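One-letter residues, chain by chain:
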Amino acid sequence: MTAVIQAALNGAMMGAMYGLTALGLTLIFGVMKVVNFAHGSLLMVGMFSAYWLIRLTGIHPYLALVIVPPVLFVFGYYLQNVVIKPVFKAEGQVREPLTVIIVTTGVWYVLDNLALMLFGAEYRTVRTAISNKSFALGEFIISIPKFSGFVVAIATAIGLALFMRKTKTGKALRATSLDREAANLMGIDQYRIYNIAFGLGTAIAGIAGCVLIPFYYVYPSVGVVFDIRAFIIVVLGGLGSIPGALLGGLVIGLIESVFSQFMASTWTEAIIYAIFLIILFVKPSGFFGHKQDW
Amino acid sequence: MSRKQLDRILLAVVALAAFGLPLVVTSPTYLQILILLFFYAYLTTAWNLVGGFAGVLPLGHSVFVGIGAYTSSILTLQYGVSPWIGMLVGGAIAAVIGVIIGLPTFRMRGAYFCLCTIAFAEGIRVMVENIDTLGPLKINGPRGLLVPLLKDPTFWDYQFMSKLPYYYIILVLLILVLAFTWFISRSKVGYYLAAGGEEPEAAAALGINVANYKLFAMALSCFLTALAGTFYAQLMLYFYPKGLMGLDLSFEIAFIALIGGRGTIAGPVIGALLLRPLNEFTRIYLSDMLPGLHLVIFGLILILVMIYLPKGLTAPLSALYDRLARKITVQGEAK
């Protein structure tokens, strides 16, 4: 039993990382109605940024949290503005433009393989001051970097939810996500909101990159692992839902770690897909999804 | 000369060239590249029935290639059934599975369908990789299946000593699926599909059962895709889940269709003609210098085509052909 609880604790902490990745994805989908296939690659960019920053300057890993996300916000803002916006304009007012999905796939290919050209395929880690630290909670051992990741993930979700409710920009984001045309008529510049949404999603991927780097490997295709998980999580939680993304992440993390106590870990992947499909059949809008979004 | 005659002449020339090509290309290596090119064109045309005409984006079609390959190979290896029959059985299984995926997802928005096809395909791939034997069936997990080389294969064995028969089999399959697509696009079903793909609500308001027509297209597309799986198994005589059922193949099919021109008849062929050789040559010549460069190029082409030609390469090409055709037919009439 102890082993199972320990696994559940680890699973919840890893799940929070999946949830954090899914958070950016769900934000971008909610506003733009586009599944961002480049999201895992953006996480990879965040991880490599944090990796090089810590490696080259030797700063404390969590100091990177102040530097990397703003840089990634700018990166995402201009990525959407330069690469994705023209396709949106060409497609006009289609609700879910499929060509945009394909462009994000192109961005994924370009980013992942640029990283491969620049950094090579090897797995890299940074040994930081906190990498191997842990504390005891009763008879269970909690790794400090994973726990901080968990805390940061929840703080980010709460911060994002507050931002969406309380600020003017947040309200504009929500208005655009509800009704693009009506928001436009109210004087909200649709494409600027898209830039901001994409920038924020990328910044969240940057946050995830910073908290992952003390305990996780980084390599050019690291995003794919998180990508597929994040897709499942956002459908599980309801496309566009912030609490849904976090909860979905926790569920996936728990399933992954608890089931791997009882069977080969390769089977847990199949179980995740099976649960995903069952949810899709039974309640396609997910835990917190809006009915109109499916 | 009228426009119709010109179209027919052009079609005849292309068909003749395709049938006569092995007279010029005798090297097995190049013949293999051509076979794979047609193989991709065939797969993309089959994909196009759903992805193009029904207006959704399936990104897990490789799983049906896998179903075709596994069904016919297991039937041949363990029960001695000819791959030709196994091919049809595999197609039928794929069609049923396609309907099962389509039933819940076609009533939802596009993004759900897209993610669901990925999850389904990956789920099946992971399962196949984890299963060694399923009841009496030997699946062999991640190692894949080896179709043994026969000493004196007959036509019934779907195995040939030279590449030439494979070339003609895939060519005939491609022509059949193209003719079929042409037929569907001119039929009522084709119009219903197009209407349901662009404006599902409006089409439903006109009394079209959009989901049912999409299901029909999905079943057909999965059936045809699985046939190609058997062809691949018999051509390569070896396949494994990651290579055959992975996301890479699914995505490549979609890319070829989108770059060529989604929802057009020539699009998949034009896309395959352009992307396959590009893919092969950049991989051979560039990946030694800089690993990954060929995929960066691939991604950039994808982005540029989507930005500047969102309807794919077929649109400007057919506009060009229209202009040329008008010139030729006008000159012909002046004479």
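Along each chain, the written sequence defines residue order, and numbers are assigned to residues from 1. The naming scheme follows written order: chains are lettered A onward, ligands numbered 1 onward. Totals for whole chains, interfaces and linings use all residues, but because this is a predicted model, local features are given only for residues with pLDDT of at least 70 and pairs of side-chain atoms are given and counted only at 80 or more. Side-chain metrics in this entry use all non-hydrogen atoms of the structure; hydrogen atoms and water are not considered.

(A) Here's a closer look at the overall build of chain B. The helix and strand tally for chain B stands at 14 helices and four strands. Our radius of gyration looks at C-alpha atoms and nothing else; its globule reference is 2.2 Å times the residue count to the power 0.38. The C-alpha atoms of chain B give 21 Å as radius of gyration, which agrees with the globular expectation for 335 residues (20 Å, within 12%). With the C-alpha coordinates of chain B rotated into their principal frame, the extents come out at 70 × 55 × 45 Å. Excluding contacts between residues fewer than 6 apart, the proportion of contacts in chain B whose partners are at least 24 apart in sequence is 76%. Using a 1.4 Å probe, accessible areas were evaluated by the Shrake-Rupley method; residue-level cover was limited to the displayed protein chains. Per element, the accessible surface of chain B, about 15200 Å² overall, is 70% carbon and sulfur. Counting 22 positive and 15 negative side-chain charges, chain B places the centres of these two groups 6 Å from one another. Numbering of helices and strands runs from the N terminus; a helix is a DSSP stretch of H or I covering at least four residues, while a strand is a stretch of E covering at least two. For this analysis, residues touch if any pair of their heavy atoms sits within 4.5 Å. Asp and Glu are treated as the negative residues and Lys and Arg as the positive ones, with His and the ends of the chain left uncounted. The atoms used to mark charge sites are NZ of Lys, CZ of Arg, CG of Asp and CD of Glu.

(B) Seen up close, the packing of helix H9 (residues 222-237) of chain A against helix H10 (residues 242-259) of chain A. All names here are of chain A. Geometry is summarised by axes, namely lines fitted to C-alpha atoms with helices restricted to the contacting stretch, and by angles between N-to-C directions that run from 0 to 180 degrees. For the pair H9 and H10, the least separation of the axes is 8 Å and the interaxial angle reads 120°. When the interaxial angle is binned, H9 and H10 end up oblique. As H9 runs across H10, the sense of the crossing is right-handed. Every residue of H10 that contacts H9 at Arg229, Ile232, Ile233, Leu236 and Gly237 is listed here: Gly244, Ala245, Gly248, Gly249, Val251, Ile252 and Glu256. Classes in brief: Ala, Val, Leu, Ile, Met, Phe, Trp, Tyr, Cys and Pro nonpolar; Asp, Glu, Lys and Arg charged; the others, Gly included, polar. Split into classes, the residues belonging to the contact of H9 with H10 amount to six nonpolar, four polar and two charged. Orientation labels follow simple angle bins: below 35 degrees gives roughly parallel, above 145 gives roughly antiparallel, 65 to 115 gives roughly perpendicular, and whatever is left gives oblique. By the definition used in this description, the sense in which the near helix is turned from the far one sets the handedness, with an anticlockwise turn below a right angle giving left-handed and a clockwise turn giving right-handed.

(C) Here's a closer look at the interface of chain A and chain B. Each partner contributes to the interface: chain A provides 42 residues, whereas chain B provides 44 residues. A combined buried area of about 3800 Å² lies between chain A and chain B, and 81% of that area is made up of carbon and sulfur atoms. We call two N or O atoms a polar contact when they sit within 3.5 Å, provided that within protein one can donate a hydrogen and the other can accept it, with sequence-adjacent residues counted only if both atoms are side-chain atoms. Counting across the interface, chain A meets chain B through zero residue pairs in polar contact (both at pLDDT 80 or more). Those elements that provide at least two residues to the side of chain A that touches chain B are helix H3 (64-91), helix H4 (98-119), H9 and helix H11 (265-282) of chain A. Examining the composition of the side of chain A that touches chain B, we find that 15 residues originate from one element, H4(A), more than from any other. Considered class by class, the residues forming the side of chain A that touches chain B number 31 nonpolar, seven polar and four charged. The term buried area means the drop in 1.4 Å probe accessible area that two parts suffer when joined, counted for both and summed.

(D) How the structure looks around empty space enclosed by the protein. The way it works is a 1 Å grid over only the protein atoms, where trapped points that fit a 1.4 Å probe form a cavity and open points with protein on both sides within 12 Å along at least five of seven lines form a pocket, and then any residue with an atom within 4 Å of a point lines it. Grid points are joined across faces, edges and corners, and a volume is the space filled by probe spheres set on the points. This model, assessed by the stated rule, comprises four cavities of 30 Å³ or more. Taken as a whole, the largest cavity holds about 60 Å³ of empty space. Breaking the lining of the largest cavity down by element, the ones donating at least two residues are H9 of chain A together with helix H11 (247-260) of chain B. Sort the elements by how many residues they give to the lining of the largest cavity and H9(A) lands first, with four residues. Grouping the constituent residues of the lining of the largest cavity by class yields eight nonpolar, no polar and one charged.

(E) Broad picture of the pairing of strand S2 (residues 140-143) of chain A. Residues and elements named next belong to chain A. In this sheet, S2 lies alongside strand S1 (residues 134-137) in antiparallel orientation, the contact comprising four bridges. Residue pairing across strands places leucine 137 opposite phenylalanine 140, the latter belonging to S2. By this definition, two strands are paired if DSSP reports at least two bridges between them. Counting the residues between successive antiparallel strands, the hairpin from S1 to S2 contains two residues, one of them, glycine 138, with a positive phi of roughly 60°.

(F) Seen up close, the environment of A:Thr2. Structurally, the position occupied by A:Thr2 is in helix H1 (residues 2-32). Once residues lying within four places of it in the same chain are set aside, the contact partners of A:Thr2 are A:Glu139 and A:Phe140.

(G) Here's a closer look at the packing of aromatic side chains. Here the aromatic set is Phe, Tyr and Trp, taking the six-membered ring for Trp, and pairing holds for ring centres within 6.5 Å; pairs whose planes are under 30 degrees apart are stacked, those over 60 apart are edge-to-face, and all others are tilted. Taken as a whole, this structure holds 34 aromatic pairs over all chains when the rule is applied. Ring centres of A:Phe73 and A:Tyr77 lie 6.0 Å apart, and the angle between their planes is 40°; on these two criteria the pair is classed as tilted. Here A:Phe73 and its partner A:Tyr77 are both found in helix H3, four residues apart, which amounts to about one turn of the helix. Each residue is placed in one exposure class: buried if its accessible area under a 1.4 Å probe, protein chains only, is under 20% of its type's maximum, exposed if it is over 50%, and partly exposed if it falls in between. A:Tyr77 sits in the buried class, given a relative accessible area of 18%. Consider the rings of B:Phe160 and B:Tyr166, whose centres lie 5.3 Å apart with planes at 80°: the pair is edge-to-face. Since its relative accessible area comes to 4%, B:Tyr166 is described here as buried. What links up through ring pairs into an aromatic cluster is the set B:Phe39, B:Tyr40, B:Trp84, B:Phe155, B:Tyr158, B:Phe160, B:Tyr166, B:Phe231 and B:Tyr232. We note A:Lys89 situated over the ring of A:Tyr191; from NZ or CZ to the ring centre the distance is 4.9 Å. Residue placement shows B:Arg276 over the ring face of B:Tyr40; its charged tip is 3.9 Å from the ring centre. The rule is short: NZ of Lys or CZ of Arg within 6 Å of the ring centre and within 35 degrees of the ring normal puts a charge over the ring.

(H) The pattern of salt bridges, seen in detail. By definition, a salt bridge exists where a carboxyl oxygen of Asp or Glu is found within 4 Å of a side-chain nitrogen of Lys or Arg. Per the stated rule, a full pass over the model turns up seven salt bridges over all chains. Residue A:Glu122 is joined to A:Arg124 by a salt bridge in which the shortest nitrogen-to-oxygen separation is 3.6 Å. The partly exposed category is assigned to A:Glu122, whose relative accessible area is 44%. In this structure A:Arg124 comes out as buried when scored by relative accessible area, which is 14%. The network of salt bridges with shared partners includes B:Glu122, B:Arg125 and B:Glu129.

(I) Geometry of the side chain of A:Thr105. Assignment of secondary structure puts A:Thr105 in helix H4. A distance of 2.8 Å separates a polar side-chain atom of A:Thr105 from the backbone oxygen of A:Ile101.

(J) Structural context of the UniProt feature "transmembrane region" (unreviewed entry) in chain A. Residue and element names in this part refer to chain A. When the UniProt feature table is mapped onto this chain, "transmembrane region" (unreviewed entry) is found at residues 12-31, 37-54, 61-79, 99-119, 140-164, 193-219, 231-255 and 261-282. For residues 61-79, the helix share is 84%, the strand share is 0%, and the end-to-end C-alpha distance is 26 Å. Secondary structure within residues 140-164 divides into 84% helix and 16% strand; the distance between the first and last C-alpha atoms comes to 37 Å. UniProt positions are given in the numbering used here, feature names are shortened, and annotations may be inferred rather than shown by experiment.

(K) Here's a closer look at a nonpolar patch on the surface. Here a patch means residues that are over 30% exposed by relative accessible area and free of salt bridges, tied together within 9 Å if like-charged and within 5 Å if nonpolar (Val, Leu, Ile, Met, Phe, Trp, Tyr). A contiguous nonpolar surface patch, about 490 Å² in accessible area, is contributed by A:Ile278, A:Phe281, A:Val282, B:Val96 and B:Ile100. Those elements that place two or more of their residues in the nonpolar patch are H11 of chain A together with helix H4 (83-105) of chain B. Broken down by element, the residue count for the nonpolar patch peaks at three residues, all from H11(A).

(L) Main features of the UniProt feature "transmembrane region" (unreviewed entry) in chain B. Residue and element names in this part refer to chain B. As recorded in UniProt, the sites labelled "transmembrane region" (unreviewed entry) are residues 57-78, 84-103, 166-184, 215-241, 253-278 and 290-309. A distance of 36 Å separates the end C-alpha atoms of residues 57-78, which is 77% helix and 0% strand. Helix makes up 77% of residues 253-278 and strand 0%, with an end-to-end C-alpha separation of 15 Å.

(M) Seen up close, the environment of B:Ala69. All names here are of chain B. Secondary-structure assignment places alanine 69 in helix H3 (residues 62-79). Sequence separation of alanine 69 and leucine 237 is 168 residues, and the distance between their C-alpha atoms is 9.9 Å. If near-sequence neighbours (up to four positions away) are discounted, alanine 69 is found in contact with Gly229, Thr230, Ala233, Phe239 and Leu244.

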